[in-house]
Amino acid sequence: MLRNRLALVLLTALAPAVWGTTYLATTELLPPGRPLLAAVIRCLPAGLLLVALTRRLPQGSWWWRSLILGALNIGAFQALLFIAAYRLPGGIAATVGAVQPLVTAGLSALILGDRLTLRTVLSGIAGVAGVSLLVLRANAELDAIGLLAALGGAVVMAAGIVLSKRWVSPAPMLATTGWQLTAGGLLLVPVTLLTEGAPPSHYTLANVLGYTYLCLIGAAVTYALWFRGLRELPPTSVSFLSLLSPVVATLIGWLALGQDLSPLQALGALVVLGSLIAAQTQRPRTTAESATEAEPADTPQPIRTTV
């Protein structure tokens with residue numbers, strides 16, 4: 001049982017680890033100034049491909065559920081993420097986004113009845129602190145709209161994680177993933193056209209390779225792993241895994257781009273990994289289970305007398 005859970009956690013962790021390579025792919029391979037176009041090309045073709053491979057369409061309530069989940073997990077999240085990235089330094093955006101596990105834990109307690117423990121709260125605070133040490137800079141400038149977008153992105157992703165756990169699709173995981181990617185990508189299309197205009201008429205080989213990587217690996221494969229983990233693991237545990245993205249992005253910047261890695265950043269990475277381990281090794285319990293454990297094992301029965 002423990003080995004199976006560890007394997008599932010590691011497979012799920014591959015998704016945010018791969019998402020940590022997005023910055024490198026975007027800066028080195030994609031055309032500049034087209035972040036939302038990158039999000040559309042990343043999500044929509046991947047979703048259509050999975051729908052075509054599985055040959056399954058939503059049934060009944062899953063039409064509107066897929067739209068809501070696709071908006072939260074893909075469309076709205078990607079839009080808010082790129083707004084924050086444009087208006088804030090990357091360190092601030094990542095630090096604000098690191099509150100997502102705490103928001104997920106709170107929503108899980110409200111919607112799913114999961115027990116919010118002190119260990120979870122402390123792990124979440126440690127995760128935010130670790131990410132701030134890893135990526136935050138002293139000369140970073142604040143922007144109100146950017147901060148709201150970063151916080152909004154954390155909230156909508158947390159809501160998507162919790163609702164994905166509450167609404168378990170009867171369809172195969174690849175089909176459910178395809179529905180959400182397609183819905184999120186379609187929602188991003190009008191936003192992209194309004195803010196960035198028509199797509200470029202010419203693409204280089206590097207552009208094609210970058211978009212292909214983001215679509216097939218960065219969306220189709222990783223989101224399938226992510227949603228599979230959400231189906232089997234507690235939502236808060238999965239949410240903590242998202243903190244791997246800034247760790248991987250920092251390490252790749254150091255190894256591939258020659259960026260500096262200070263001792264303080266290394267400490268931040270260790271703090272993040274510690275918070276991840278603490279969150280994964282905690283056995284989740286519902287509030288109902290906690291209430292049951294709080295009851296005495298042998299409840300004295302009232303003495304009945306007959307007259």
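What counts and how
Residues numbered from 1 in each chain as written. Predicted model: local features only at pLDDT ≥ 70, side-chain atom pairs only at ≥ 80, totals over all residues. Heavy atoms only, no water. Helix = DSSP H or I, 4+ residues; strand = E, 2+ residues; numbered from the N terminus. Buried < 20%, exposed > 50% of the residue type's maximum accessible area, 1.4 Å probe, protein only. Contact = heavy atoms within 4.5 Å. Areas by Shrake-Rupley, 256 points an atom, 1.4 Å probe, with all protein chains shown as cover. Core = buried A, V, L, I, M, F, W, Y, C linked by side-chain atoms within 4.5 Å. Expected span 1.5 Å × (residues − 1). Bend = angle between axes of the 7 residues up to and from the residue. Axes fitted to C-alpha atoms, helices over the stretch in contact; angles between N-to-C directions. Parallel < 35°, antiparallel > 145°, perpendicular 65-115°, else oblique. Left-handed = near helix turned anticlockwise from the far one by under 90°. Nonpolar A, V, L, I, M, F, W, Y, C, P; charged D, E, K, R; others polar. Disulfide = S-S within 2.5 Å. Phe/Tyr/Trp six-rings, centres within 6.5 Å; stacked < 30°, edge-to-face > 60°. Patch = residues over 30% accessible without salt bridge, like charges linked within 9 Å, V, L, I, M, F, W, Y side chains within 5 Å. Salt bridge = Lys/Arg side-chain N within 4 Å of Asp/Glu carboxyl O.

1. As for the overall build of the protein
Stage number 1. A count of helices and strands for the protein gives 14 helices and zero strands.
Stage number 2. The N-to-C order of helical and strand elements in the protein reads α-α-α-α-α-α-α-α-α-α-α-α-α-α.
Stage number 3. Residues classed as buried in the protein amount to 47% of the 307 residues present.
Stage number 4. Residue pairs in contact within the protein that sit at least 24 positions apart in sequence constitute 90% of those at least 6 positions apart.
Stage number 5. If you sum the accessible surface of the protein, you get close to 15,700 Å²; carbon and sulfur atoms cover 69% of it.

2. So, the nonpolar core
Stage number 1. Ranked by internal contacts, the top residues of the largest apolar core, which has 47 residues, are Leu181, Tyr223, Trp226 and Leu243.
Stage number 2. Looking at this core element by element, the count peaks at seven residues for helix α10 (residues 205-232).
Stage number 3. Non-local contacts of tryptophan 226, meaning those with residues more than four positions away in its chain, are made with Thr12, Ala15, Pro16, Trp19, Met157, Ile161, Val238, Leu241 and Ser242.

3. Considerations on the side chain of threonine 222
Stage number 1. Inspection of the secondary structure puts threonine 222 in helix α10.
Stage number 2. Given the relative accessible area of 2%, threonine 222 is considered buried.
Stage number 3. Apart from residues no more than four positions distant in its own chain, threonine 222 is found in contact with Ala15, Val18, Trp19 and Ile217.

4. Considerations on α10
Stage number 1. Spanning 28 residues, α10 covers 39 Å between terminal C-alpha atoms, matching the ideal 40 Å at 1.5 Å per step.
Stage number 2. The largest bend in α10 comes to about 30°, at threonine 222.

5. Side note on the packing of helix α3 (residues 35-54) against α10
Stage number 1. The N-to-C vectors of α3 and α10 enclose an angle of 60°; their axes lie 8 Å apart at closest approach. Of the possible angle classes, the one that applies to α3 and α10 is oblique. Pair α3 / α10 crosses with right-handed handedness. Two secondary-structure elements touch here, α3 through Leu37, Ala38, Ile41, Arg42, Pro45, Ala46, Leu49 and Leu50 and α10 through Tyr211, Leu214, Cys215, Leu216, Gly218, Ala219 and Ala220.
Stage number 2. Along the lines of polarity and charge, the residues of the contact of α3 with α10 split into 13 nonpolar, one polar and one charged.

6. Regarding unusual backbone geometry
Stage number 1. Phi is positive for arginine 55, close to 55°, though the residue is something other than glycine.
Stage number 2. Structurally, the position occupied by arginine 55 is in the loop between α3 and α4 (62-87).

7. Some words on the state of the cysteines
Stage number 1. Scanning the entire structure with this criterion turns up zero disulfides.
Stage number 2. With no disulfide of its own, cysteine 215 lies closest to cysteine 43 among cysteine sulfurs, the gap being 8.5 Å.
Stage number 3. The class for cysteine 215 is buried, based on a relative accessible area of 9%.

8. Quick word on the packing of aromatic side chains
Where two aromatic rings form a pair, the distance of their centres and the angle of their planes describe that pair.
Stage number 1. In total, this model carries six aromatic pairs according to the counting rule given.
Stage number 2. Ring plane angle 80° and centroid distance 5.4 Å describe the contact between tryptophan 64 and tryptophan 167, whose orientation is recorded as edge-to-face. Linking tryptophan 64 in helix α4 with tryptophan 167 in the loop between α8 (144-166) and α9 (173-196), this pair joins segments that are 103 residues apart in sequence.
Stage number 3. Classification of tryptophan 64 as partly exposed rests on a relative accessible area of 44%.
Stage number 4. For tryptophan 167, a relative accessible area of 15% puts it in the buried group.
Stage number 5. Three or more aromatic residues joined by ring pairs make a cluster, and in this case those are Trp19, Tyr223, Trp226 and Phe227.

9. Considerations on a nonpolar patch on the surface
Stage number 1. A contiguous nonpolar patch, built from Leu49, Leu53, Leu216, Ile217 and Val221 and spanning about 410 Å² of accessible area, is present on the exposed surface.
Stage number 2. Contributing elements (two or more residues each) for the nonpolar patch: α3 and α10.
Stage number 3. With three residues, the single largest contributor to the nonpolar patch is α10.
Stage number 4. For valine 221, the position within the fold is in helix α10.
Stage number 5. For valine 221, a relative accessible area of 41% puts it in the partly exposed group.

10. Observations regarding the packing of α3 against α4
Stage number 1. Between α3 and α4, the least distance of the axes is 10 Å, while the angle of their chain directions is 155°. Between α3 and α4, the angle falls in the class roughly antiparallel. Here α3 runs over α4; the crossing is right-handed. Judged by residue contacts, Pro35, Leu36, Ala39, Arg42 and Cys43 of α3 engage Ile74, Gln78, Ala79, Phe82 and Tyr86 from α4.

11. Things to note about the environment of valine 162
Stage number 1. Its place among the elements puts valine 162 in helix α8.
Stage number 2. Judged by its relative accessible area of 0%, valine 162 is buried.
Stage number 3. For the pair formed by valine 162 and alanine 109, sequence separation is 53 residues and the distance between their alpha carbons is 9.8 Å.
Stage number 4. When sequence neighbours within four positions are dropped, the list of residues in contact with valine 162 reads Thr104, Leu107, Ser108, Ile111 and Leu112.

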